[in-house]
Amino acid sequence: MAGIYAKELEVAQLAVQRASQLTKRVFHEKAKGTVSKDDKSPVTIGDFGAQALIIAALQANFPGDEIVAEEESAQLRADAPLRDQIWELVRTTQLDNVAAEGLLGGVVPDADAMLDIIDKGNSAGGARGRIWAIDPIDGTKGFLRGGQYAVCLALMVDGDVKVGVLGCPNLPVDDAAPLTAGIGANQTDDDGRGVIFSAVLGQGATSRPLGTGALLDGKKIAMKPVDELSSATFCESVESGHSNQSESAQIGQKLGITKPSVRMDSQAKYGSIARGAGDIYLRLPTSKTYQEKIWDHAAGELIVREAGGQVTDTTGSRLDFSVGRTLASNRGVVAAPAAIHGQVLTAVQEVLGQKE
Ligand SMILES: Nc1ncnc2c1ncn2[C@@H]1O[C@H](COP(=O)(O)OS(=O)(=O)O)[C@@H](OP(=O)(O)O)[C@H]1O
Ligand SMILES: [Mg+2]
Ligand SMILES: [Mg+2]
Ligand SMILES: [Mg+2]
């Protein structure tokens, strides 16, 4: 018998697969159509195109649902060549699997419809009803440097994440592949790479090859038991502006961790610890004012919890996805196997407590 949220999961996985196909095309192009946003962060034709394809798939299947997505069309409305470049990508990216492509609603009618679709991701979020959270390319800087990035989609119902899917084109398919120090740059999406992580609340977490054809069966994933904290591996951000790296080094010292941190962009970090390739994900605030965005965490947080992990902020509270487009009630993120999360959190609080 199909489980609860089975259709949502299938549509989400196919939508992520199709959007990843678009980002992979852009990845292999020299000019990635990069423009700068108001906050100076980069956005590419891949981000806009992937967001359009995912929202189109959600609207074809769940027309009453709300959507919180990272990007908006304003810059494209003022730049016809950029809009047309994205439209060409969106129009020509389809799944090989004809039935699946049909399920996702087929091709978007035209470029103007595409702009309107991109802007359907403008929901304010909140604690009521069904709301999808989309990060079309998480880790855009990683995407640009040939490192890790993730196509991220999650469904929240009444403020709780129920379904989470991450497409990671540049991670190894093999759950047992060790993380290498250089995984944050010069990666490829050749054979043996590209994985979809998924979870449904209460049903566990899985990984499967990203591929381009029919979805293959998923394998259950689980966090690796950490018998000796000193042998654990941190999985951390690449950008020093996104997480305080000197504090995480002090926390590592307190815990007796000697292995160097593995740095990679995006929610690929959550997927990597969920399958036991790494152990602990820390995101330590670098400013008093930055609020984490729900689309940067919703899918990964559920996948880690369903793989046997615990995820809190630095105060020990669960991440609260019900307060809008940001995690306004939380500060930073601490994710670890449930059995050691308490010890890690204590070390985090000791180090952060020394600051004031
Ligand atoms: N100041 C600050 N603090 C914390 N986080 C920030 C900050 N600025 C941006 N962002 C968000 O970080 C998202 C990428 O996170 P990563 O964990 O991939 O960071 S890193 O690239 O590995 O350093 C990135 O997501 P994308 O924009 O989707 O790439 C941003 O939403
Ligand atoms: Mg961004
Ligand atoms: Mg992001
Ligand atoms: Mg993004």
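Residues numbered from 1 in each chain as written. Chains lettered and ligands numbered in written order. Predicted model: local features only at pLDDT ≥ 70, side-chain atom pairs only at ≥ 80, totals over all residues. Heavy atoms only, no water.

The cut-off we apply is this: UniProt positions are given in the numbering used here, feature names are shortened, and annotations may be inferred rather than shown by experiment.
An unreviewed UniProt entry lists the chain under the name 3'(2'),5'-bisphosphate nucleotidase, from Lasiosphaeris hirsuta. A UniProt comment under Cofactor (unreviewed entry) is attached to the chain, and it reads "Mg(2+)".

## Remarks on the sheet that holds strand 14 (residues 333-337)
Going by this rule: Two strands pair if DSSP finds at least two bridges between them. Numbering of helices and strands starts at the N terminus; helices are DSSP runs of H or I of at least 4 residues and strands are runs of E of at least 2. Only heavy atoms matter for contacts: two residues are in contact if any of them lie within 4.5 Å across the pair. Interaxial angle, 0 to 180 degrees, is taken between N-to-C directions of lines fitted to C-alpha atoms, where a helix line uses only the stretch in contact.
Reading across the sheet, the five strands line up as 11-10-12-14-13 and stay open at both edges, with mixed pairing between neighbours. Strand pairing shows two members of the sheet lacking a second neighbour, strand 11 (262-263) and strand 13 (309-312), which therefore form its edges. Sitting on the sheet, helix 10 (residues 298-306) is in contact with strand 13 and strand 14, with an inclination near 145° to strand 13. In the packing of helix 11 (residues 338-353) onto the sheet, contacts are made with strand 12 (280-283), strand 13 and strand 14, and the angle to strand 14 comes to roughly 145°.

## Section: the packing of helix 2 (residues 45-61) against helix 4 (residues 80-92)
What counts here: Roughly parallel covers angles under 35 degrees, roughly antiparallel covers those over 145, roughly perpendicular covers 65 to 115, and oblique covers all other angles. Note on convention: near helix rotated counterclockwise from far helix by under a right angle means a left-handed crossing. Clockwise means right-handed. Gly falls in the polar group here, along with every residue not listed as nonpolar (Ala, Val, Leu, Ile, Met, Phe, Trp, Tyr, Cys, Pro) or charged (Asp, Glu, Lys, Arg).
Where helix 2 meets helix 4, the closest approach of the two axes is 9 Å, and the angle between their N-to-C directions is 50°. The angle between the axes of helix 2 and helix 4 places the two elements in the oblique class. You can see that helix 2 and helix 4 cross each other, and the crossing is right-handed. Along the contact surface, helix 2 presents Ile45, Phe48, Gly49, Ala52 and Leu53, while helix 4 presents Leu82, Gln85, Ile86, Leu89 and Val90. Split by residue class, the contact of helix 2 with helix 4 holds eight nonpolar, two polar and no charged.

## So, helix 6 (residues 111-118)
To keep it simple, the criterion reads: Three labels apply to residues, based on accessible area from a 1.4 Å probe with only protein chains included: buried if under 20% of the type maximum, exposed if over 50%, partly exposed otherwise in between. Identification of polar contacts relies on pairs of N or O atoms within 3.5 Å, with a donor-acceptor requirement for protein atoms, meaning one able to donate a hydrogen and the other able to accept it, and with residues adjacent in sequence counted only if both atoms are side-chain atoms.
Burial within helix 6 is extensive, with six of its eight residues counted as buried. Every buried residue belonging to helix 6 is among Ala111, Ala113, Met114, Leu115, Ile117 and Ile118, and all of these are buried. Contacts made by the buried residues of helix 6 are with helix 2, helix 3 (74-77) and helix 4. At the N-terminal end of helix 6, a side-chain oxygen is found 3.1 Å from the backbone nitrogen of Asp112, two or three residues along, and the residue is Asp110.

## Section: the coordination of the magnesium ion (ligand 4)
Geometrically, a metal with four donors at the corners of a regular tetrahedron has ideal angles of 109.5 degrees, and one with six donors at the corners of a regular octahedron has ideal angles of 90 or 180 degrees. Applied cut-off: Shown as donors are all N, O and S atoms within 2.8 Å of a metal ion, widened to 3.2 Å for Na, K and Ca; because water is not in the atom set, sites may appear incomplete.
The protein atoms that coordinate the magnesium ion (ligand 4) are Glu70 (OE), Asp135 (OD) and Ile137 (O), at distances spanning 2.0 to 2.2 Å. Donor residues for the magnesium ion (ligand 4), ordered by position in the chain, follow E-x64-D-x1-I. Separating the magnesium ion (ligand 4) from the magnesium ion (ligand 2) is a gap of 3.6 Å, which Glu70 spans by donating to each of them. On the criterion of sequence distance, the pair formed by Glu70 in the loop between strand 3 (66-69) and helix 3 and Ile137 in strand 4 (residues 130-138) is long-range, its members being 67 residues apart. For Glu70, a relative accessible area of 22% puts it in the partly exposed group. Of the residues examined, Ile137 reaches a relative accessible area of 1% and is grouped as buried.

## A closer look at the packing of helix 8 (residues 245-254) against helix 11
The contact between helix 8 and helix 11 brings their axes to 9 Å, and the two run at 130°. Between helix 8 and helix 11, the interaxial angle falls into the category oblique. Considering the relative orientation of helix 8 and helix 11, their crossing is right-handed. In contact with Glu247, Gln250, Ile251 and Lys254 of helix 8, helix 11 contributes Ala347, Val348, Glu350, Val351 and Leu352. Residue classes in the contact of helix 8 with helix 11 are distributed as five nonpolar, one polar and three charged.

## Quick look at the UniProt feature "binding site: Mg(2+)" (unreviewed entry) in the chain
Here the UniProt feature "binding site: Mg(2+)" (unreviewed entry) sits at Glu70, Asp135, Ile137, Asp138 and Asp296. In terms of the greatest pairwise C-alpha distance, the residues named above, spread along 227 residues, form a tight cluster of at most 9.7 Å across. With respect to the element layout, Asp135 can be found in strand 4. Beyond its immediate sequence surroundings of up to four residues, Asp135 is in contact with Glu70, Ala150, Val151, Cys152, Trp295 and Asp296. Residues contacting Asp296, with those up to four places away along its chain left out, are Asp135, Asp138, Gln267, Tyr270 and Tyr290.

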